[in-house]
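# Summary of structural features
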Amino acid sequence: MATKKLKSTEYLKSLVKTEPAPEEKHRIALLQGNQAVAYGAMDAGVNFFAGYPITPSTEIAEILSEELPKRGGVYVQMEDEIASICAITGASLTGAKALTATSGPGFSLMQEGIGYAKITETPCVVVNVQRMGPSTGMPTSPAQGDIMQAKWGSHGDSPAIVLYPDSVRESYELTIRAVNLSEKYRTCVILLLDEVIGHMREAVTLPDLANVRVISRIKPTVPPHWYKHYDENQKYLSPLASYGEGYRFHVTGLTHDSHGFPTNKPSEAHEMMERLRKKITHNIRDLVQIESREMEDAKIAIFAAGIMSRAAKQAVAQARAEGIPVGILRPLTIWPFPDDAVRKMLRNVDTVIVPELNQGQLIHEIRRLTKDKSDGDLISMQRCDGALITPNEILRKIKEVH
Amino acid sequence: MENIPQKIIHEYLRHDKKFPHVWCAGCSNGIVLGAIIRAIAKMNIDRNDIVMVSGIGCSSRMPVYVDFNTLHTLHGRPIAYATGVKLFKPHLKVIVVTGDGDCTAIGGNHFIHAARRNIDLTVILINNNIYGMTGGQASPTTPHMAIATTTPYGNIEPDFNICNLAIGAGASFVARTTAFHTNEVQNYVRDAIEHPGFSLIEVVSSCPVIYGRLNKKGGPAEMLKHMRDESIPLTAVDKLPKEKVEGKIVRGIIKRVIEPEFCAEYAKLCERVQAMGGE
Ligand SMILES: Cc1ncc(C[n+]2csc(CCOP(=O)(O)OP(=O)(O)O)c2C)c(N)n1
Ligand code: SF4
């Protein structure tokens, strides 16, 4: 028994040292978004996956169940999504790069555990391939209804990092980025995918592994008795020890001091809450990514994320061909929200159109940033029936307001 | 009596940080903590290799006081967190401290599935028959017709037999004792840590301040005496007439078998897959 146990530890060690050789066939391939997420996760160094099957995210678990054992990583199917988020958090505290993947109902179940990963500042990634809700909803139909939940889903104030790709290739890239940011900022990062992107096939060329930038958590260099699990520094990026390395730190979901011990002191509670907040707000430039197209002379702007920006891009191309000055602004980072870029857009255009597959979530954020635009200049296009808003519908709207 | 000097216990506590503790005077939780520390000191395990994980409850407050790697998680979820810890670094000794509510109500699903997987965790369940932390509501082990703040007319629900539940789910080591029998607690903790598989120790304990008061069980000493007088060793069960066994707390190692352990099986799977050529 004992030797067997040692062996499995060795596998895990070997994984940390050697990057597995990529299989060529995955480098240039026709991939689904979900596959791209799985390969991105592995290329980012993810060596622990715990999950529970749910449409439309299941392929991610299936691929990792096949691939992780080959490289000594851990794949485990847990008894539910609550257990899954807990297991990846436990593994991360032990030194793993850990990820789980789910969809609406499972994402709802994970919320308490997401809050725990955030308050304990434990790196991990949750992929939510969104489906139509609420509740069981339409399991195989697209929707963008979890944008607000991704930020506010867990109780209490817990600043969020949420990324949102619009293509298969970008699903790969943003999965790597999500893992990197989780390690760097010691938090639970969420990757929101649209069902259509998760299941859409696109030809992609993945970069050579040598060109993939992988970030891993900073390790403490101080002797154990100096170690503070939540150290303060200007960028709010503090070293993180792992269980079993001699640091013997305490982790709790109770509000805690810089050593991780529970506290009821308002000053220490304030300090902890500020750290959670400031590690986002002090690093906006690093965190926020946007794509801006044809915005220089635009009088009409479309603000859209994920699959809706694909439809919008087609509509914009068509409208431009007809001489209409329209552009598109797309958030790759949905939280923290790209406030500056949106303010600039609001200053420069007459009308903003916001197509989204929900009853109006992104539009709220734009309204929040609007000072002198009347409701008429902000146009919400909503669809919430399991179908997509088409490029033609967006084009029609562009022409209506032109 | 295993002779571990008091000062050794103190070496394992986080004195400078975390005292005084939150437990009421007369609570069993401290007795169990003492027994766990004595077992570990006696076994001479490197404390860097111990991860103590707990959920939420009075009993689950334990990890903060001890100088191990400690993880105080969510209500009901310690076994799920512990599964992640253990699977990633199987050489660590992972000890879960949990309550009857934490483990068998909200955490019941994780409990039975970890037992089924036979993952090498040592689960120490402190069963005080009530929700202590939240002020005395009924738990799945509150006895039939007992009074809790949420069963003012008596509890009409039957209670769980935790050890049977663990056995039914596939745990490979199952033991029960009481907080009165501290040496047994200590020895079972040792045996459970040594056991290569999922181990459950149910420590029948007392919450004199709430359960004891609501059910007129007397003070801490009376409740401990009750554990002494109302429990019998497993070895005596067959020798005693039926009426002397009924209603007693049966103490002993109820199940101990060696069965495939999950982390070891996972390691074998990796070996098998890699032998296939990594393809
Ligand atoms: C999700 C959730 N639900 C409810 C609670 C409130 N709560 C805290 S401890 C507890 C019960 C603890 O009882 P038990 O596990 O038996 O431990 P004891 O306090 O008796 O040692 C409850 C219901 C919580 N913290 N989280
Ligand atoms: S309430 Fe009961 S279980 Fe909790 S510390 Fe007090 S005596 Fe112990």
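Just so you know, these numbers come straight off a predicted model, no measurement behind them.

So, about the overall build of chain A. Each helix and strand in chain A was counted, giving 16 helices and 15 strands. For 402 residues, the compact-globule formula gives about 21 Å, and the C-alpha radius of gyration of chain A, at 22 Å, lands near that figure. If you line up chain A on its principal axes, its C-alpha atoms span 70 × 55 × 40 Å. Intrachain contacts of chain A at a sequence separation of at least 6 include 77% that bridge at least 24 residues.

For chain B, the count of helices and strands is 13 helices and 8 strands. Against the compact-globule benchmark of 19 Å for 279 residues, chain B has a radius of gyration of 19 Å, which places it among compact chains. When its C-alpha atoms are laid out on the principal axes, chain B stretches across 65 × 45 × 35 Å. Residues counted as buried form 53% of the 279 residues belonging to chain B.

On to unusual backbone geometry, then. Residues and elements named next belong to chain A. Residue Pro56 follows Thr55 across a cis peptide bond; omega there is 0 degrees. For Pro56, the position within the fold is in the loop between strand S2 (48-51) and helix H4 (58-67). A cis amide bond, omega 0 degrees, links Gly133 with the succeeding residue Pro134. When you line up the elements, Pro134 lands in the loop between strand S5 (124-130) and helix H8 (147-152). You will see that Glu121, though not glycine, has its phi angle at about 55 degrees, which is positive. Relative to the helices and strands, Glu121 resides in the loop between helix H7 (111-119) and S5.

Take the sheet that holds S2(A) next. Residues and elements named next belong to chain A. The strand order across the open sheet built from 7 strands is S3-S2-S4-S5-S7-S6-S13, with neighbouring strands paired in mixed fashion. Strands with a single pairing partner mark the edges of an open sheet, and in this sheet they are strand S3 (74-77) and strand S13 (333-335). For this sheet, the mean angle separating the axes of adjacent strands, direction not counted, is 20 degrees.

Glancing now at the interface of chain B and chain A. Facing the 42 residues of chain B at the interface are 45 residues of chain A. Taken together, the elements giving at least two residues each to the side of chain B that touches chain A come down to helix H2 (15-18), strand S2 (69-72), helix H4 (78-88), helix H6 (108-117) and helix H13 (262-275) of chain B. Tallied by class, the residues present in the side of chain B that touches chain A amount to 21 nonpolar, 13 polar and 8 charged. In the sheet, strand S9 (residues 250-252) of chain A pairs with S2(B) via 3 bridges, with the strands oriented parallel. Along S2(B), the bridge assignment pairs His250(A) with Thr70(B).

Turning to the environment of Thr104(B), a few remarks are in order. Residues and elements named next belong to chain B. On the secondary structure map, Thr104 appears in helix H5 (residues 100-106). Residue class for Thr104 comes out buried when judged on the 24 C-beta atoms lying within 10 Å of it. Sequence spacing of Thr104 and Lys42 is 62 residues, and the spatial spacing of their C-alpha atoms is 30 Å.

All names here are of chain B. Close contacts around ligand 2 come from Trp23, Cys24, Cys27, Asn29, Cys58, Asn128, Gly132, Cys207, Pro208, Val209 and Ile210, and that covers them all. Counting residues per element, the shell around ligand 2 draws most heavily on helix H9 (residues 208-214), which supplies 3 residues. Residue composition of the shell around ligand 2, grouped by class: 8 nonpolar, 3 polar and no charged.

Let us look at the packing of helix H5 (residues 81-93) of chain A against H7(A). Residues and elements named next belong to chain A. One way to put it is that H5 packs onto H7 with a least axis distance of 8 Å and a crossing angle of 15 degrees. Comparing the axis directions of H5 and H7 gives the class roughly parallel. Read as a crossing pair, H5 and H7 show a hand that is right-handed. Mapping the contact onto sequence places Ile82, Ile85, Cys86 and Thr89 in H5 and Gly113, Ile114, Tyr116 and Ala117 in H7. In terms of residue class, the contact of H5 with H7 is built from 6 nonpolar, 2 polar and no charged.

Residue and element names in this part refer to chain B. Close contacts around ligand 1 come from 16 residues, with Gly57, Gly99, Gly101, Asp102 and Gly132 the closest. If you tally residues by element for the shell around ligand 1, the top one is H5, at 3 residues. Of the residues belonging to the shell around ligand 1, the class tally is 5 nonpolar, 9 polar and 2 charged.

In this section: the pairing of strand S8 (residues 249-256) of chain B. Residue and element names in this part refer to chain B. Relative to S8, strand S5 (residues 173-178) runs antiparallel, the two sharing 4 bridges. Note on S8: the bridge partner recorded for Ala175 is Ile253. Two elements, strand S7 (residues 231-233) and S8, share 3 bridges in a ladder whose sense is parallel. Bridging across to S8, Ser231 finds its partner in Ile249.

Residue and element names in this part refer to chain A. As assigned here, chain A comprises domain 1 (2-211) and domain 2 (291-401). Between domain 1 and domain 2, the contact holds 22 residues from the first and 20 residues from the second. Those elements giving two or more residues to the side of domain 1 that touches domain 2 turn out to be H8, strand S6 (161-163), strand S7 (188-194) and helix H10 (195-199). Examining the composition of the side of domain 1 that touches domain 2, we find that 4 residues originate from one element, H8, more than from any other.

The next thing to look at is the sheet that holds strand S14 (residues 351-356) of chain A. Residues and elements named next belong to chain A. Strand order in this open sheet of 5 strands is S10-S12-S11-S14-S15, and the pairing throughout is mixed. Whereas interior strands pair on both sides, the edge strands pair on one side only; in this sheet they are strand S10 (290-293) and strand S15 (378-382). Neighbouring strand axes in the sheet, compared pairwise and without regard to direction, differ in orientation by 20 degrees on average. Across 5 bridges, the pairing between S14 and S15 is parallel. Residue pairing in the sheet places Val352 in a bridge with Leu378 of S15. This element, helix H15 (residues 362-369), spans strand S11 (300-303), S14 and S15 of the sheet and lies at about 155 degrees to S14.

Moving on, we come to the environment of Glu11(B). Position of Glu11(B) relative to the elements: it lies in helix H1 (residues 6-11). Between the C-alpha atoms of Glu11(B) and Ala41(B), which are 30 residues apart in sequence, the distance is 9.7 Å.

Attention shifts here to helix H13 (residues 307-321) of chain A. Structurally, the α-helix is built with 3.6 residues per turn, so residues lying three or four positions apart point the same way. Helix length check: H13(A), at 15 residues, gives a terminal C-alpha distance of 22 Å against a target of 21 Å (1.5 Å per residue), a fit within 8%. Taken from the residues just after H13(A), Gly323(A) is the one with a positive phi, measuring 85 degrees.

To continue, consider H5(A). All names here are of chain A. Between its terminal C-alpha atoms H5 stretches 19 Å, which fits the 18 Å expected from 13 residues at 1.5 Å a residue. A large share of H5 lies buried, amounting to 13 of its 13 residues. Trailing H5 by a residue or two, Gly95 shows a phi angle of about 115 degrees, which is positive.

Parameters at a glance
Residues numbered from 1 in each chain as written. Chains lettered and ligands numbered in written order. Predicted model: local features only at pLDDT ≥ 70, side-chain atom pairs only at ≥ 80, totals over all residues. Helix = DSSP H or I, 4+ residues; strand = E, 2+ residues; numbered from the N terminus. Rg over C-alpha atoms; globule rule 2.2 N^0.38 Å. Contact = placed C-beta atoms within 7 Å. Buried ≥ 20, exposed ≤ 12 C-beta atoms within 10 Å, placed from the backbone. Pairing = 2+ DSSP bridges. Axes fitted to C-alpha atoms, helices over the stretch in contact; angles between N-to-C directions. Nonpolar A, V, L, I, M, F, W, Y, C, P; charged D, E, K, R; others polar. Near = placed C-beta within 6 Å. Parallel < 35°, antiparallel > 145°, perpendicular 65-115°, else oblique. Left-handed = near helix turned anticlockwise from the far one by under 90°. Domains from an automatic or database assignment. Expected span 1.5 Å × (residues − 1).

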